[in-house]
Amino acid sequence: MLEDMEKLVSLCKRRGFIFPSSEIYGGINGFWDYGPLGVELKRNIKDAWWQDVVQRRDDMVGLDCSIIMNPKVWEASGHLGGFSDPMVDCKATKERYRADQMYVFIYLFPQVNHKGEPAEAWLAGLGASPEDASAIPEKKAAKLAKKFGKPEQPPQIVPYLELPEADREKVIGPSTDDRGTLTPPRSFNLMFRTFVGALEDDSATAYLRPETAQGIFANFKNVVDTGRVKLPFGIAQVGKSFRNEINPRNFTFRSREFEQMEIEFFCKPEDAAHWYAYWRKERFDWYVRHGLQSDRLRLRDHDKDELAFYSTATADIEYSFPFGVSELEGIAHRGDYDLTQHMKFSGKDLTYFDEESKARITPHVIEPSAGADRATLAFLCEAYTEDQVGGEIRTVLRFHPRFAPIKAAILPLVKKEGMPEKAEALYHALRKRFAVFYDEKGAVGRRYRRQDEAGTPFCITVDGQSLQDDTVTFRDRDRCVQWRVPINQAESTLRGLIDGDLTVPAVS
Ligand code: ATP
């Protein structure tokens, strides 16, 4: 289990998974580039999602919408009015925090301070929940306890946004030891703005989409009118979204440009509870099937007071990252809110004619909304392992074979005696079906290690015996088991291993 994000960040950089964007110019906060291995990994994840939710189902179709849409879309969706986080700045350190993620821990110490006032400290901590937010206040309180004595009671915890205005003065910000450095909460619109056409005025203002979902609702009528779909059915889309996040952090987890994989699943109102339960389970199982350990994955149902006003149920699929438990995907039961809003703002009829009841209905919708970059990061964290082979520590990325950027490396044992020629011929044959890699440089042990670090599940080696009996050795990444396979069965063996129809033998 990866505990230190820095190790992963440096492996990603070194091996070409993920680079900071525009790094030669000092980078730009919140933007990332996927290198040669990373682009394959992320693409495999998106392709697996697309195959599983669109191509292998009868009740789903795909869509690919434009990123910039008519700004009315964002009025209807509520993004223009409501899509903003209240922010607080620290006047002393210039840091900026999301006010809804700040909690104030109020400690009372037994002794009075030098002014004769009761010694109390209002310490702000940051996190998605009070537990997550406790680290900074606890550290500061321990220091103060040396001066004023140990608090007799645990601190009182208050969300920053719920503090009466007069009390905000007392708060000591997360990055200072002084009171009163925090500004009042201010709104901050998360949508990136741009202009369409030559004029840069209000009438030309447009927005980069902050989610792909609205393109699906805006096309609902088009898709229904093509006649291929009948309730219940879903529309799926994968694409870039943009949010001017206040505080991008935790590597790619919170970026300003990211990719989403979203489904809007439309059904009759009376079937919505069933489909909500179905997608909640189906999406959770998808991550487990592809290798996320279920004890690091959790499905958290939102409390009633966390729900958006139109939603009757929402669940988050969360993963325990080294930086804390955080959301990978949300599954929301959105009722008929979105279609109703778009009917109101567009004036178009987005109801559906139900053949059974011979009536027009407004379908309800279940929305499983996932992030491709967050999924990629979770699979990277999960895959990262260090183990010992022959007294040597090796770093291995234990990806599911379906996601591995390279499925197999083809290696001549040595660069002579006709081995490279035979290995290259095999490489060219396999390349038609799989992402394979040919490497003849250096000691074979080193080449194995390099593939382990890239997450390549299998190495196929051409050695002296291959020249005599036309067999090759297969080596598996996880247990380093080696076994021989006739060269003319290399392709079917690799296929079987990747698809899970064949398993690695128990011992070499
Ligand atoms: P958060 O609370 O973490 O900001 P959210 O609840 O606003 O996320 P949604 O609006 O539900 O997220 O977006 C759906 C999915 O899109 C998320 O589960 C996540 O995987 C992805 N996503 C959202 N914002 C970002 C971001 N800034 N960077 C990377 N992925 C993101």
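Residues numbered from 1 in each chain as written. Predicted model: local features only at pLDDT ≥ 70, side-chain atom pairs only at ≥ 80, totals over all residues. Heavy atoms only, no water.

## Thoughts on the sheet that holds strand β12 (residues 233-242)
Phase 1 of the analysis: Strand order in the open sheet formed by seven strands is β3-β12-β13-β19-β16-β15-β14, and the pairing between neighbours is mixed. For this open sheet the edge positions go to β3 (60-62) and β14 (297-301), each flanked by a neighbour on one side alone. When the angles between neighbouring strand axes are averaged without regard to direction, this sheet yields 25°.
Phase 2 of the analysis: Sheet topology note: the strand β13 (residues 257-267)/strand β19 (residues 364-371) ladder contains six bridges and is antiparallel. The partner of Glu262 across the bridge, within β19, is Ser369.
Phase 3 of the analysis: Packing against the sheet, helix α11 (residues 372-383) makes contact with β13, β15 (313-321), β16 (324-335) and β19, and its axis sits at approximately 40° to β15. (Pairing = 2+ DSSP bridges. Helix = DSSP H or I, 4+ residues; strand = E, 2+ residues; numbered from the N terminus. Axes fitted to C-alpha atoms, helices over the stretch in contact; angles between N-to-C directions. Contact = heavy atoms within 4.5 Å.)

## Quick look at the sheet that holds strand β24 (residues 458-462)
Phase 1 of the analysis: In spatial order, the strands read β23-β22-β24-β25-β26; together these five strands make up an open sheet with mixed pairing. The outermost strands of the open sheet, each flanked by one partner alone, are β23 (436-438) and β26 (482-486). Here the strands of the sheet are splayed against their neighbours by 25° on average, with no regard to which way each runs.
Phase 2 of the analysis: Across five bridges, the pairing between strand β22 (residues 408-412) and β24 is parallel. In the sheet register, Ile410 faces β24, and the bridge partner there is Ile460.

## What to know about the pattern of salt bridges
Phase 1 of the analysis: Tallying each qualifying case throughout the model produces 44 salt bridges.
Phase 2 of the analysis: Between Asp285 and Lys281 there is a salt bridge; the shortest N-O distance is 2.6 Å. Residue Asp285 and its partner Lys281 are both found in helix α9 (residues 272-289); the two are separated by four residues, about one turn of the helix.
Phase 3 of the analysis: Lys422 serves as the salt-bridge partner of Asp470, at 2.5 Å between the closest nitrogen and oxygen. Residue Asp470 is found in the loop between α14 (464-469) and β25 (471-476), and its partner Lys422 is found in helix α12 (residues 419-431); the two are separated by 48 residues along the sequence. (Salt bridge = Lys/Arg side-chain N within 4 Å of Asp/Glu carboxyl O.)

## Focus on helix α15 (residues 490-499)
Phase 1 of the analysis: Buried residues of α15: Ala490, Thr493, Leu494, Gly496, Leu497 and Ile498, and no others.
Phase 2 of the analysis: In this fold, the buried residues of α15 make contact with β22, α12, β23, β24, β25 and β26. (Buried < 20%, exposed > 50% of the residue type's maximum accessible area, 1.4 Å probe, protein only.)

## Details of the site of the ligand
Phase 1 of the analysis: Around the ligand, the structure places 14 residues, and the nearest of them are Glu245, Arg254, Ser255, Glu327 and Leu328.
Phase 2 of the analysis: Within the backbone of Phe253, a nitrogen or oxygen atom sits 3.2 Å from a nitrogen atom of the ligand.
Phase 3 of the analysis: One nitrogen or oxygen atom from the side chain of Arg254 is found 2.7 Å from an oxygen atom belonging to the ligand.
Phase 4 of the analysis: Considering the ligand on its own, with 590 Å² of exposed area, one finds that the protein chains cover 81% of that surface.
Phase 5 of the analysis: Residue assignment for the shell around the ligand shows that the elements contributing at least two residues are β13, β16 and β19. (Near = heavy atom within 4 Å. Polar contact = N/O pair within 3.5 Å; in protein donor to acceptor, adjacent residues only side chain to side chain. Areas by Shrake-Rupley, 256 points an atom, 1.4 Å probe, with all protein chains shown as cover.)

## Here's the deal with the domain arrangement of the chain
Phase 1 of the analysis: As far as domains go, the chain holds domain 1 (5-67 + 219-380), domain 2 (85-188) and domain 3 (406-499).
Phase 2 of the analysis: The interface of domain 1 with domain 3 comprises six residues on the first partner and five residues on the second.
Phase 3 of the analysis: Seen at the junction of domain 1 and domain 3, the total is two salt bridges.
Phase 4 of the analysis: When contributions to the side of domain 1 that touches domain 3 are tallied by element, the ones reaching two or more residues are α1 (5-15) and α2 (36-55).
Phase 5 of the analysis: With three residues, α1 is the largest single contributor of residues to the side of domain 1 that touches domain 3. (Domains from an automatic or database assignment.)

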